[in-house]
Amino acid sequence: MLKKLTKLAFVGLAGSMLLASSLQAKTVRWKLAMTWPSTLTPLASPPIKMAEMVKKMSKGKFIIKVEGKEKHKAPLGILDMVKGGQYQMGHSGSYYWKGKDINTVWFTTIPFGMTAAEQYAWFYYADENHDGKPDGMEYMKKVYDKFRVLSFPGGNTGVQMGGWFRKPINSVADLKGLKMRIPGLAGEVMAKLGVKVTNIPAGELYTSLDRGVIDALEWVGPGMDIKMGFHKVAPYYYTGWHEPASEMQFLINKRAWKKLPDNYKEMLIVAMRASAADMYYENFAMSANAWAKMKTDYPNIKVKTFPKPVLKAMYNATQEVLQGYANKNKLFAEIWANQKSWMKKARAWTMMSEYYYLKASKEVEGK
């Protein structure tokens, strides 16, 4: 029912707005907690824009107050706060909850996984042929049911860069003993290759990199990295492999959801989906503009791709990490198989359309 409502809501906006204006609905006031500070765009953009859209569509009858981590002081407590009802909604990243349930990682991204377009298609349309295979939204509901919350896609960064390095990586041997900030499954992969993985608070990353406390770190991409200043102290900027489509998430307390009128539910679904898509556009523009500035102001930055033997080692280690979880968790294995099946189909079209177009354009432009 929820999946059907999600799709119907996206095409039923006009009817919802008319219904909202015709009903003398009681004002509903919710609160939403974010993992991020309120000023950290584009991560903070989706909930803020979503709340604005809901307020406008409901004629001021549905108010969602958005609070950043500077207010609630619990950036990694979002799931628990929404589950417990302190907040009706949250905005965070699903893979932050891997310690509670490893299956949550599938709804953010995995190393060598899908692109943003492939992943969004998996979330919403992978079963359009009605072959009986669940899509991402169905799996996400199954995973989050036990937490008594609903989860929806909340905005994507696209391909994240592989990180800033003080020295070049020419071989797998160069990874051994390297001190690097890299979280999640990618951190487990790098640890398998001899990297000393560390997790340092965001406010200490620049100083740690500058003083040699760490040798490398990954953040997001130029649009967010430029604010941190990493390009001033680490000249080697590596292309991505570990987070090809990092999806944020909206969380909703189930009890609060059930109390909402159907037209408010539709408004909320439409606003979440629109603001999530908009974050992808915003982040792309931010990174394009930031990279233009970076390469002009700091021409010594060297953009590099990890050598093929290094990427192969990363890929093999990724498969080992995933297989290790699959051996212990039946649902993990099922979602992995489902994603691989969809990715094989989707990647064929990605290659035909975007990859070969970009390749051909580069060749005719002579660059």
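Here the structure is shown first, and the text comes after it.
Residues numbered from 1 in each chain as written. Predicted model: local features only at pLDDT ≥ 70, side-chain atom pairs only at ≥ 80, totals over all residues. Heavy atoms only, no water.

**Notes on the sheet that holds strand S6 (residues 179-181)**
One open sheet accounts for six strands, arranged S7-S6-S8-S5-S9-S11; its pairing is mixed. Each of the sheet's edge strands pairs with one partner strand only, and the pair in question is strand S7 (196-198) and strand S11 (302-304). Examined bridge by bridge, strand S5 (residues 163-165) and strand S8 (residues 216-217) share two bridges and lie antiparallel to one another. Across the sheet, Phe-165 pairs through a bridge with Ala-216, a residue of S8. (Pairing = 2+ DSSP bridges. Helix = DSSP H or I, 4+ residues; strand = E, 2+ residues; numbered from the N terminus.)

**Some points on the side chain of Thr-350**
Along the polypeptide, Thr-350 turns up in helix H14 (residues 330-365). If we skip the residues at most four places from it in the chain, Thr-350 touches Glu-118 and Tyr-355. (Contact = heavy atoms within 4.5 Å.)

**Remarks on the nonpolar core**
By size, the foremost hydrophobic cluster in this structure holds 105 residues, and its most contacted members are Trp-30, Met-50, Ile-64, Met-89, Phe-107, Tyr-144 and Leu-268. With nine residues, helix H12 (residues 262-297) is the single largest residue contributor to this core. Leave out the neighbours within four places in its chain, and Met-89 touches Trp-30, Lys-31, Leu-32, Ala-33, Met-50, Ile-64, Val-82, Phe-250, Leu-251, Ile-252, Leu-268 and Met-272. (Core = buried A, V, L, I, M, F, W, Y, C linked by side-chain atoms within 4.5 Å. Buried < 20%, exposed > 50% of the residue type's maximum accessible area, 1.4 Å probe, protein only.)

**Considering the pattern of salt bridges**
For the structure shown, the criterion picks out 14 salt bridges. Glu-67 is paired through a salt bridge with Lys-65; the nearest N and O atoms lie 3.7 Å apart. Owing to a relative accessible area of 6%, Glu-67 belongs among the buried residues under this scheme. Classification of Lys-65 as partly exposed rests on a relative accessible area of 46%. (Salt bridge = Lys/Arg side-chain N within 4 Å of Asp/Glu carboxyl O.)

**As for the sheet that holds strand S4 (residues 149-156)**
On the basis of which strands lie adjacent, the open sheet formed by five strands has the order S2-S1-S3-S10-S4 and mixed pairing. Across the chains shown, the open sheet's two edge strands, defined by having one partner strand only, are strand S2 (62-67) and S4. The sheet shows a mean angle of 25° between the axes of neighbouring strands, taken without regard to direction. Pairing between strand S1 (residues 28-34) and S2: six bridges, direction parallel. Within S2, the residue paired with Lys-31 across the bridge is Lys-65. Across the sheet, helix H3 (residues 45-57) is in contact with S1, S2, strand S3 (89-93), S4 and strand S10 (247-253); its angle to S2 comes to roughly 165°. (Axes fitted to C-alpha atoms, helices over the stretch in contact; angles between N-to-C directions.)

**Quick notes on the packing of helix H6 (residues 116-124) against helix H7 (residues 136-144)**
It is at 5 Å that the axes of H6 and H7 come closest, and there the two elements cross at 70°. In terms of orientation, H6 lies roughly perpendicular with respect to H7. Side by side, H6 and H7 meet where Trp-122, Phe-123 and Tyr-124 of the first sit next to Gly-136, Met-137, Tyr-139 and Met-140 of the second. Classifying every residue of the contact of H6 with H7 gives six nonpolar, one polar and no charged. (Parallel < 35°, antiparallel > 145°, perpendicular 65-115°, else oblique. Nonpolar A, V, L, I, M, F, W, Y, C, P; charged D, E, K, R; others polar.)

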